[in-house]
Amino acid sequence: MQEWFEFPTQEAAEEMADLIVHLNNHTRLWPNKGYGPIELRKKHEVESKSAPKQPSNVFIFETKQKVGRNDPCPCGSGKKFKKCCGV
C-alpha cells in the first residue's frame, strides 16, 4: 500500500476503507492459530462469561507510604520487603 491512490469521490474512498476493514477482520491468521480477529473476540467473550473469576496474583501497592527495606512486605507474605518484592 505504498502507492499513491486517488479516488474520484469521498464515497469511493470510504467504500474502499470499508472493504479493507472487512478483509482485515475476516482473514484467518497464522499467529492466531487459524482464527480471524472476529472469531477470536467472540471466543474470548464466551470464555470470559463462562469462566469464574479467579483471584489475581497481582498486588496493588496503594499505601502511599514509603516501604523501608526492613519493613514487612505490603503483599502480605510476612517476609521483609528487601527479600520479597524489593529485589
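Quick look at the structure, then. (Residues numbered from 1 in each chain as written. Predicted model: local features only at pLDDT ≥ 70, side-chain atom pairs only at ≥ 80, totals over all residues. Heavy atoms only, no water.)

## Looking at the overall build of the protein
- From N to C terminus, the protein includes two helices and zero strands.
- In the protein, the proportion of contacts linking residues at least 24 apart, taken out of those at least 6 apart, comes to 2%.
- For the protein, the exposed area adds up to about 8600 Å²; of that, 56% sits on carbon and sulfur atoms. (Helix = DSSP H or I, 4+ residues; strand = E, 2+ residues; numbered from the N terminus. Contact = heavy atoms within 4.5 Å. Areas by Shrake-Rupley, 256 points an atom, 1.4 Å probe, with all protein chains shown as cover.)

## Structural notes on a nonpolar patch on the surface
- On the surface, a cluster of nonpolar side chains totalling about 460 Å² of accessible area is made up of Phe5, Phe7, Met16, Leu19 and Ile20.
- Note on placement: isoleucine 20 falls in helix H1 (residues 10–25).
- Taking the relative accessible area as the measure of exposure, isoleucine 20 reaches 37% and is therefore partly exposed. (Patch = residues over 30% accessible without salt bridge, like charges linked within 9 Å, V, L, I, M, F, W, Y side chains within 5 Å. Salt bridge = Lys/Arg side-chain N within 4 Å of Asp/Glu carboxyl O. Buried < 20%, exposed > 50% of the residue type's maximum accessible area, 1.4 Å probe, protein only.)

## Some remarks on the environment of histidine 26
- By the element assignment, histidine 26 lies in the loop between H1 and helix H2 (37–50).
- Residue class for histidine 26 comes out partly exposed when judged on its relative accessible area of 49%.
- In this structure, the C-alpha to C-alpha distance between histidine 26 and proline 37, residues eleven residues apart in sequence, is 6.8 Å.
- A polar contact is formed between the side chain of histidine 26 and the backbone oxygen of histidine 22, at a distance of 2.9 Å. (Polar contact = N/O pair within 3.5 Å; in protein donor to acceptor, adjacent residues only side chain to side chain.)

## Details of the pattern of salt bridges
- Applying the stated criterion across every chain, the model contains one salt bridge.
- Between glutamate 39 and arginine 28 there is a salt bridge, with its nearest N and O atoms 3.2 Å apart. Of the two residues, glutamate 39 sits in helix H2 while arginine 28 sits in the loop between H1 and H2, which places them eleven residues apart along the sequence.
- Residue classification places glutamate 39 among the partly exposed residues on the basis of a relative accessible area of 31%.
- Of the residues examined, arginine 28 reaches a relative accessible area of 55% and is grouped as exposed.

## A few points about a negative patch on the surface
- Residues Glu11, Glu14, Glu15 and Asp18 make up a contiguous surface patch of negative charge.
- Relative to the helices and strands, aspartate 18 resides in helix H1.
- The exposure class assigned to aspartate 18 is exposed, which follows from its relative accessible area of 54%. (Lys, Arg positive; Asp, Glu negative; His and termini not counted. Charge placed at Lys NZ, Arg CZ, Asp CG, Glu CD.)

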